[in-house]
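Below are the chains, spelled out letter by letter.
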Amino acid sequence: MGRMNPQTGIKAMEAEPKDYNAIHSSKASLACMINSEIGAVLAVMRRNVRWGGRYMSDDDQLEHSLIQSLKVLRKQIFSWPQHWQTINPALYLQPFLDVIQSDETGAPITGVALSSVYKILTLDVIDQNTANVKDAMHLIVDAVTSCRFEVTDSASEEVVLTKILQVLLACMKSKASVTLSNQHVCTIVNTCFRVVHQSESKGELLQRIARHTMHELVRCIFSYLPDVDDSESASTNGINSSDEQSAGLKNGYAFASRQSENGTLNSEYDDQSLSTNVASNASIGPVAAEVDEDSIGAGIGSDTVSYDSRLMTEPFGIPCMVEIFHFLCSLLNIVERVGLGFKSNTIAFDEDVPLFALGLINSVVELVGPSIRHHPRLLSTIREELFQDMMKFGLSVSPLILSMVCSIVLNLYHHLRSELKLQLEAFFSCVILRLAQSRYGASYQQQEVAMEALVDFCRQKTFVIEMYANFDCDISCSNVFEDIANLLSKSAFPVNSPLSSMHMLALDGLIAVIQGMAERIGNESVGSEQTLMNLDEYSPFWTVKCKNYSDPNHWAPFVRWRKYIKKRLTVGADHFNHEPKKGLEFLQGAHLLPDKLDPQSVACFLRYTAGLDKNLVGDFLGNHDEFWVQVLHEFAWTFDFQGMNLDTALRLFLETFRLPGEAQKIQRVLEAFSERYYEQSPQILINKDAALLLSYSIILLNTDQHNVQVKKKMTEEDFIRNNRRINGGNDLPREYLAELYHSIVKNEIRTIPKQGAGFPEMTPSRWIDLIHQSKKTAPFIVSDSGAYLDCDMFAIMSGPTIAAISVVFDHAEDEEVYQTCIDGFLAVAKIAACHHLIDVLDDLVVSLCKFTTLLNPPSFEDSLLLFGDDTKAGMATVTVFTIANNYGDYIRTGWRNILDCILRLHKLGVLPARVASDATDESELSAETEDHRPLTNSVSTASLPSLGSSKKSFGLMGRFSQLLSFDTEEPKSQPSEEELAAHKRFLETIQKCHIDSIFADSKFLQAESLSQLARALILAAERAQKGNTSPEDEDTAVFCLELLIAITLNNRDRIVLLWQGVYEHISNIVQSSVMPCTLVEKAVFGLLRICQRLLPYKENLADELLRSLQLVLKLDARVADVYCEQITQEVSRLVKANASHVRSQIGWRTIISLLSITARHPEAAEAGFDTLMFIMSDGAHLLPSNYVVCVDASRQFAESRVGEGERSIQALELMAGSVDCLSRWASEAKKTMGEEEAVRMCQDIGEMWLRLVQALRKVCLDQREEVRNHAVLLLQKCLRGVDGINLPHGLWLQSFDVVIFTMVDDLLEIVQGQSQKNYRNVEGTLILALKLLSKVFLQLLPDLSQLTTFSKLWLGVLDRMEKYMNVKVRGRKSEKLQELVPELLKNTLLVMKTRGVLVQSSASGGDSVWELTWLHVKNIAPSLQSEVFPDQDLSHNKPGEGGGVVSDTVGSNPSTETLSSEGAAGGS
């Protein structure tokens, strides 16, 4: 356990060749190789006089033992019969090793011997299957690490040291290295480091080789770590379980531990440490260079615990790796251990040793980072030692060291972040964020390195989300993500200075964070939407844990909840600082404290809430009130003092509040502290009273040593004497008190802790507390690529980020920087749209629009040239419209700025032609072509002529052609090639914007965004209208109206969203226009176009759409006259396409009203009447809802003298033909409706019929003879042709009064009046009217005679006949009337006689009708009485005795007899 598997990571030896010749050849070649190495060593030795002389002497001892052993080996190597793997390597290695270890040999001889050993190792002569390989490898390591040789010159010495490094590295790379023990591996590393140290005074080549070898050696050793068993029971068995620090090695190879008996991590090291002995090695003289292991370490201190000898002699594994890694960490403290300052040159220290050590550590972390988590001792070293050292060196003045430290931390974050939560927080808060800001005194180089490191972290895909989830959302941690975001944003701002590398670094960091969020969009995520959080009841929030820290479904909502708690606590802390009582009440209202306060909850609030006024906290904790005494007790119990020195614990305790000034309060506070400390650390102090007394003594010592007013300072002896017999009557250990004394003297306990925001300094006591807290803190949340908290994070950083990128974009002059900023803007837009952050997107649009230079442009020509040459403006413009096209759903007020840019481009004439067209234009035009309808009548916002204004030249080339033209007064020069190129770039930029897509694709916009776009268009148009002082203003208003109409038509399915605003805007235009202009033209025809398009799809809005056309009726007369023909054509198009969709009375009334006004318009009358015929012909589209208005419109066309009389005749025919519709409706009502509905329908039909005949009656007075006579005939037809309509008697009486009698009387008045000269042949009309009167009366006689008012009606008929008998036409009586009247009267009397209506009777009223009849008849034709009643004697009849009462509700239904009588009485 805890060691290497011998086969792991090493290729097994190839199988032994079975062929004898092959075996023999292999043996021979190895023997030859060793023989040659022996010869090489002997040859070098012979060159030395000492060795050569002995060889030739005649003495008994002819040869030195070293030479003799080499010669013996040469004799034996060719005679060994067995295979080389079965031979003990010591047999052929020992002679070489003896040479290496001999102090008699010089550097050249030792170097050759080392080369021989190196060759044997690298040729794989020895592997793990070789006999006695373990002993052989140990021999090699022992010999090489104890190498002795005479130094003759520095060059040869460096060669030997280089070869020592080669051999040691070869040992570790050899297949047999797995047999090395932990002790030997440690010895190899120690020896290499000594060579590295010695090389400082040697040549540069040796320095580089030594350092490279050290790196390779460390990498080689730790490369086995992933294959080492996970369990460390083997390594822990040999260690005292009470101590967790790594121990020293056997034979004096030791690294001093930094943990004292009671757990304090000391900053001073044992005197017998590695660094001290390395320093002493520098004194090795030029005569004998020794690499002696025993000279390196002289044992370990009493406070360290070593691995036992058994464990260190086992094959290497975790023990040696732990020792080596601990050694590398200890190199970072070499300065302190030798008592040297950073500026001392005693060991040539500048930044060399720390950089070297950090480089080795970085190699280890890079190589085996993920495996370290499986080995607690290595992980503990990183947590407790390495990070503390790196935080110290991170604040050094050396940028190189800081850079290396940051690289290590980045690797540790990548591999081990889940094990280093609080360490990472401390590093960012106390190193990176401190150095990256100039206010903490860091140099520019330090700031730059820190910023580079921070940007590297930000480029890690999940870094920011993990910082936010683990720290910003943790109540007990700082807001690391927020601090990073703020730092990057502020650092990107170039304040009164040009852009620097620091600004660009910060910008890169911001962009990396934003783009990381943008890339996560689309990944399946949890909780990407912000939800409103609220606490329903109080619970101890500091104890709540997440159910599953590895499942985003659990941890994402949990950390969001914790962040909400943290925010509310911050607000509560602010209230508490201003007024504690209200602060506590606020927290109770937010359910962060219970309704009834308890000591524990208040203590936790005071302990864990950041930002509290520490003066207030101290005052409350020292309060004598019983409740606050309990709070103090609970407050003290939130600390973990286990394993801490008293002064360290006291420092931690007093950092959380300010110690009160009153003695009683101080006593209460220290009593609570002492009780808690004694409970957790009772090793030395016998009771809590001893802890209290010693705490008091420490406070007094602290005041004595660090108060400038105290002149005579307390000495160590004074302090020890003052604390005699406080430990239950006994003295405390002198060493213990001395340690406390020196700790206080060197490091003051701040009884007035720092307040406010800022990045803290990591003190030793805080570091100890951090180590304690790291064992209890919540697990580190490792996120994947999901956007779990991006919405929350983006809401924090969006504002500063947009501002920072905007400022950099504004100051930048390099196109690459432009593109970086643009990428950032687009990423911000993508994130804001994804998370529906509308305000953010609006702010972004506003910021970008400023860079387009379109909002405050120079003159026209300058705009084109400057924009074409301005790369920044072009990129900003494309970006604005890219955002509008891609993320328009979430733009609100930003539409106004976008529209301002569009309007400016419109004024410049560079917009695409189809920007203001709607998506249905092409389909509409193609449909019209197929139907063979004239395209010239289409209402197109782009094609209608602008009456009263000249045609403008639009488009870039149109504008540009103006530059090419020559004014007669002031000719202009032809544009240069640069200007042409600028114009071309301008056009290309606008084409990239796809501005037309914004409006064409508006149908895909969300409802609120669409409404805001329409509102922006209306506001822009109204602004242009109010400032309508130039043609450009009108052009702008027209363009806005066109866009508004386009998006209205493109969003017909959502017309309700837009209609009210569109209608009101058009209404304002129509009612404010008193003269024809393009704007009112576009408004009117745009309105008509909307109605045309939407009526088929929006039946529920049909009435409202058609009612809107009443605006046309409100046009000023001058305006209406100009556009009347076109309006009529469009109304005609609307009716013909949508007649079936118009059903309401108000809709038809509006349409027919528009048609009616064309009756007297020369150009529009034809189209208007054609539309009316379409509606009324054959009753195709006549409805009860439009009947009356259609009849009235027909009357107006009939009366109109515009055009030929034929149109009036056609209009009359339309009116008369409509009677058939009335009959049809009456018939259908009887069949399909209920009795009540049918009765109501018949009443309505009767009213319609009455309106019809009234309309015809009016035309009967027309001055044109043919129209007038035709109207009378058609009126007669309508009065008599109503067989299918059941008209009530009352309606017939009404028709006589308001139609027939009125017409007859009006005609008579015309004849008798002065206007007779305007009427040609009016006599014929009188005849027709009189015949109509007679025929209708006779047809209705059976029913009318039953009415009580019949006598009145009959007398009315007689009265008009009498008047017509006596009328004078052009000054004389009409012969035709003189003949016609008696004839008609006679026929009428005969029919009445036949019907029994006119009889002499004694019944009530009978005589009256009889007498009155003959009274009138005598005035007309006296002879008629005898002709009609030849057998009656009328002389006795009295006037006033006739006519019975007849009900007026009886309907008329003439008999065939009446009709025959009528026909016999007289036709025309």
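Presented here is an overview of the structure given in this document.

**A few points about the side chain of R211**
Then comes step 1: Relative to the helices and strands, R211 resides in helix α9 (residues 204-222).
Then comes step 2: Classification of R211 as buried rests on a relative accessible area of 18%.
Then comes step 3: A polar side-chain atom of R211 sits 2.7 Å from a polar atom in the side chain of E200.
Then comes step 4: Residues within four places of R211 in sequence aside, it is in contact with V196, E200, D352 and F356.

**Side note on unusual backbone geometry**
Then comes step 1: The backbone of H591 sits at a positive phi, close to 60°, despite the residue not being glycine.
Then comes step 2: With respect to the element layout, H591 can be found in the loop between α24 (580-589) and α25 (599-608).
Then comes step 3: At H836, a position not held by glycine, the phi torsion is positive, near 60°.
Then comes step 4: With respect to the element layout, H836 can be found in the loop between α35 (815-834) and α36 (838-851).
Then comes step 5: With a relative accessible area of 40%, H836 lands in the partly exposed category.

**What about the nonpolar core?**
Then comes step 1: Judged by nonpolar contacts, the single largest core of 465 residues is most densely connected at Y92, I140, L606 and L694.
Then comes step 2: In terms of residue count, the dominant contributor to this core is helix α59 (residues 1322-1344) (14 residues).
Then comes step 3: The residues touching L694, leaving out its near neighbours within four places in the chain, are L646, L685, F719, N723, I726, L732, Y736, L737 and L740.

**A few points about the pattern of salt bridges**
Then comes step 1: Counting across every chain of the model gives 37 salt bridges.
Then comes step 2: Between R676 and E679 there is a salt bridge, with its nearest N and O atoms 3.4 Å apart. Residue R676 and its partner E679 are located together in helix α29 (residues 663-680), separated by three residues, close to a single helical turn.
Then comes step 3: The closest approach of N and O atoms between E717 and R734, which form a salt bridge, is 1.9 Å. Taken together, the residues span a long stretch of sequence, with E717 in helix α31 (residues 716-722) and R734 in helix α32 (residues 734-746) at a distance of 17 residues.
Then comes step 4: For E717, a relative accessible area of 39% gives the class partly exposed.
Then comes step 5: Under the relative-accessibility criterion, R734 is labelled partly exposed at 40%.
Then comes step 6: One salt-bridge network, in which partners are shared between bridges, spans R1160, D1192, R1195 and E1199.

**Looking at the environment of D103**
Then comes step 1: Here D103 lies in the loop between α4 (90-101) and α5 (107-122).
Then comes step 2: Separated by 46 residues in the primary sequence, D103 and F149 have C-alpha atoms spaced 4.8 Å apart.
Then comes step 3: Contacts of D103, omitting those with residues within four sequence positions, involve R148 and E150.

**Here's the deal with the packing of aromatic side chains**
Then comes step 1: What the rule picks out here adds up to 44 aromatic pairs.
Then comes step 2: Seen in terms of ring centroids, Y413 and F463 are 5.5 Å apart; in terms of plane orientation they differ by 80°. Their pairing is edge-to-face. One end of the pair, Y413, is in helix α17 (residues 399-416); the other, F463, is in helix α20 (residues 463-472), with 50 residues separating them in the sequence.
Then comes step 3: We classify Y413 as buried; its relative accessible area is 2%.
Then comes step 4: When the ring of F620 is compared with that of W628, the centres are 4.6 Å apart and the planes differ by 35°; the resulting orientation is tilted. Both residues of the pair, F620 and W628, count as buried.
Then comes step 5: Members of the aromatic cluster, each reached through a chain of ring pairs, are F635, F639, F641, F653, F657, F673 and Y677.
Then comes step 6: Across from the ring centre of Y1097, 3.6 Å away, lies the NZ or CZ of R1052, which sits over that ring.
Then comes step 7: Geometry around F1301 places R1360 over its ring, the cationic atom sitting 4.1 Å from the centre.

Thresholds applied
Residues numbered from 1 in each chain as written. Predicted model: local features only at pLDDT ≥ 70, side-chain atom pairs only at ≥ 80, totals over all residues. Heavy atoms only, no water. Helix = DSSP H or I, 4+ residues; strand = E, 2+ residues; numbered from the N terminus. Buried < 20%, exposed > 50% of the residue type's maximum accessible area, 1.4 Å probe, protein only. Polar contact = N/O pair within 3.5 Å; in protein donor to acceptor, adjacent residues only side chain to side chain. Contact = heavy atoms within 4.5 Å. Core = buried A, V, L, I, M, F, W, Y, C linked by side-chain atoms within 4.5 Å. Salt bridge = Lys/Arg side-chain N within 4 Å of Asp/Glu carboxyl O. Phe/Tyr/Trp six-rings, centres within 6.5 Å; stacked < 30°, edge-to-face > 60°. Lys NZ or Arg CZ within 6 Å of the ring centre and 35° of its normal.

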